[in-house]
Amino acid sequence: MSNFSSPRFIFITGGVVSSLGKGIASSALGALLRARGYKVRLRKLDPYLNVDPGTMSPTQHGEVYVTDDGAETDLDLGHYERFTGVPSRQSDNVTSGKIYSSVIAKERRGDYLGATVQVIPHVTDAIKDFIRADLTDEDFCLCEIGGTVGDIEGLPFLEAIRQFRNEMGHENCLFIHVTLLPFIKSAGELKTKPTQHSVRELLSVGIQPEILLCRSERSIPEGERKKIGLFCNIKPECVIEALDVDTIYDVPVKYHEQGFDEQVLRYFGLPATEKPDLTPWKKIVQRAREPEGEVTIAIVGKYTSLLDSYKSLAEALAHGGIANNVRVNLSWLDSQVFEKDGALSALDGVNGILVPGGFGERGTEGKIRAAQFAREQKIPYFGICFGMQMAVIEAARNLGGIPTATSSEFGSAGEAVIGLMTEWVKGNQLETRPSNGDLGGTMRLGAYPCALQKDSKVHQIYRADRINERHRHRYEVNITYRDILEKAGLRFCGLSPDGQLPEIVERPDHPWFIGVQFHPELKSQPLAPHPLFTSFIEAAVHQARLV
Ligand code: GLN
């Protein structure tokens, strides 16, 4: 349903400290508006200078989220999709880097007709163009501004949204500010001063927020709520309490109880008395809180020092748990550990082993050993992207008679059963890449179709002949090794439609051993868990019953 001729815009800023969960807050509001039947888009405006997060280390910035149309984006877009079910697009994430590159490219072309190119108006115009672009019949467009108010690099974005509201009219734009109310133990009080300062900072750039979302570990006493309203020029009912929760999927329900969506609708003069149906969210929360059992999954990876590096993966495993009514305990293991003798004992007692996506040679021998352990001990194994490649190298070395099997990602020594892709088919076109090109934005990115073999396990799991999954890789199993690898027990049960690129391998002689060249975790949602994760956790539950 689309209710309006043009979307209403909601801008979400953050103050006091970072990591307040602005992404979850925006997503939860998106979920509430969706539950009320509105059509939404969510966008992220990131003030950093990278053109996109694709070249950033996952241990610094967290996971790189990939969209269907092949953009490498901020992980918050993953939250947006998981909470709203609306697939994100290339046009939903912009950075200062991208804005400045487009402005500078225009300047070089002479498009500014001799003008002095400046932050105001040229950069701010480019930001406003981005906010308006690629919208059709959405009722609401929610734009989250990355970083914290007061950051130097965020200023052009705040200036742009200030101008935007003047142009579009106050009735069409709402500012929401997410802040922190720290609890000072010695005083036994929640402190409002940092929030007052943060709002003052926003006011100094011409932005008066209408709704404050106050993150807090304690309930906000009525007196404090009034005080915040008074000092920050906000109606007390628009000072919304955002308490810490035990599961993020409880956030929409909790925010609704605090009247968040109601105040948003009231601001826009829309009917707010009818209640949205939040039963599906309540069911998920109940299942997450009261599971009937538990399983432990070992994740053998390289970026285990920052769990945000595997955000979608952790969520997809939780969704698999919700679907099977079990708690999924995650044991994060640095694959390098397995390069020492005896270290595999860390895998004793786990009910499933997952080797996720990754880059570079460090830690790969450990991942290969983990794949071998899972194969030999008949423990469910899920190899995702790099994890599939490692399982293939393991089979080639230990069962296929190619002891030097390797990937060309690790240099030229050995026999490359995994090779660099320099061309592949996208739609009707051939995509080509030079072998020594730029790193940024040049992988095989985004959704590609894959044909499933009829009598395979994955065919049973997906209940489909053809699937579409998102990719992010440069290397690929070399199809010319198919015969050798099939003799080594790995069935090539999913291929690109032209039959050239192996997309899925599985082991028919194993209870659950599947490697996929794509990232299924990116498409899993709490209200629609991904079938591979549901099936993997089901296999882990089965494994747990056997031991
Ligand atoms: N490094 C591997 C490649 O580029 C795997 C990438 C990944 O796991 N996303 O093919």
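A quick note: this is a predicted structure, and the numbers were derived from the prediction, not measured. (Residues numbered from 1 in each chain as written. Predicted model: local features only at pLDDT ≥ 70, side-chain atom pairs only at ≥ 80, totals over all residues. Heavy atoms only, no water.)

Enquirer: Explanation requested: the overall build of the protein in the structure shown.
Expert: Assigned secondary structure in the protein consists of 17 helices and 25 strands. Here the protein has a C-alpha radius of gyration of 25 Å; the compact-globule value for 547 residues is 24 Å, and the two agree. For the C-alpha atoms alone, the extent of the protein along its principal axes is close to 75 × 65 × 45 Å. Across the 547 residues in the protein, those meeting the buried criterion constitute 56%. Long-range contacts, defined as pairs at least 24 residues apart, comprise 73% of the intrachain contacts of the protein with a sequence gap of at least 6. A total of about 22,600 Å² of accessible surface is found on the protein, and carbon and sulfur atoms cover 49% of it. (Helix = DSSP H or I, 4+ residues; strand = E, 2+ residues; numbered from the N terminus. Rg over C-alpha atoms; globule rule 2.2 N^0.38 Å. Buried < 20%, exposed > 50% of the residue type's maximum accessible area, 1.4 Å probe, protein only. Contact = heavy atoms within 4.5 Å. Areas by Shrake-Rupley, 256 points an atom, 1.4 Å probe, with all protein chains shown as cover.)

Enquirer: Where do I start with the site of the ligand in this structure?
Expert: Near the ligand the following residues occur: Gly357, Gly358, Phe359, Cys385, Phe386, Gln389, Glu409, Arg472, His473, Arg474, Tyr475 and His519. A distance of 2.9 Å separates a nitrogen atom of the ligand from a polar backbone atom of Arg472. Within the backbone of Arg474, one N or O atom sits 2.9 Å away from an oxygen atom of the ligand. Only α14 (386-398) and β21 (466-473) provide two or more residues apiece to the shell around the ligand. Across the shell around the ligand, the residue classes break down as four nonpolar, five polar and three charged. (Near = heavy atom within 4 Å. Polar contact = N/O pair within 3.5 Å; in protein donor to acceptor, adjacent residues only side chain to side chain. Nonpolar A, V, L, I, M, F, W, Y, C, P; charged D, E, K, R; others polar.)

Enquirer: Would you mind going over the packing of helix α5 (residues 119-132) against helix α6 (residues 155-168) with me for this structure?
Expert: The axes of two packed helices give the description: the angle between them and the distance between them. Between α5 and α6, the least distance of the axes is 9 Å, while the angle of their chain directions is 70 degrees. One way to sum up the angle between α5 and α6 is to call them roughly perpendicular. Note that α5 runs across α6; the crossing there is right-handed. Residues Val119, Ile120, Val123, Thr124, Ile127, Lys128, Ile131 and Arg132 of α5 pack against Pro156, Phe157, Glu159, Ala160, Ile161, Gln163, Phe164, Glu167 and Met168 of α6. (Axes fitted to C-alpha atoms, helices over the stretch in contact; angles between N-to-C directions. Parallel < 35°, antiparallel > 145°, perpendicular 65-115°, else oblique. Left-handed = near helix turned anticlockwise from the far one by under 90°.)

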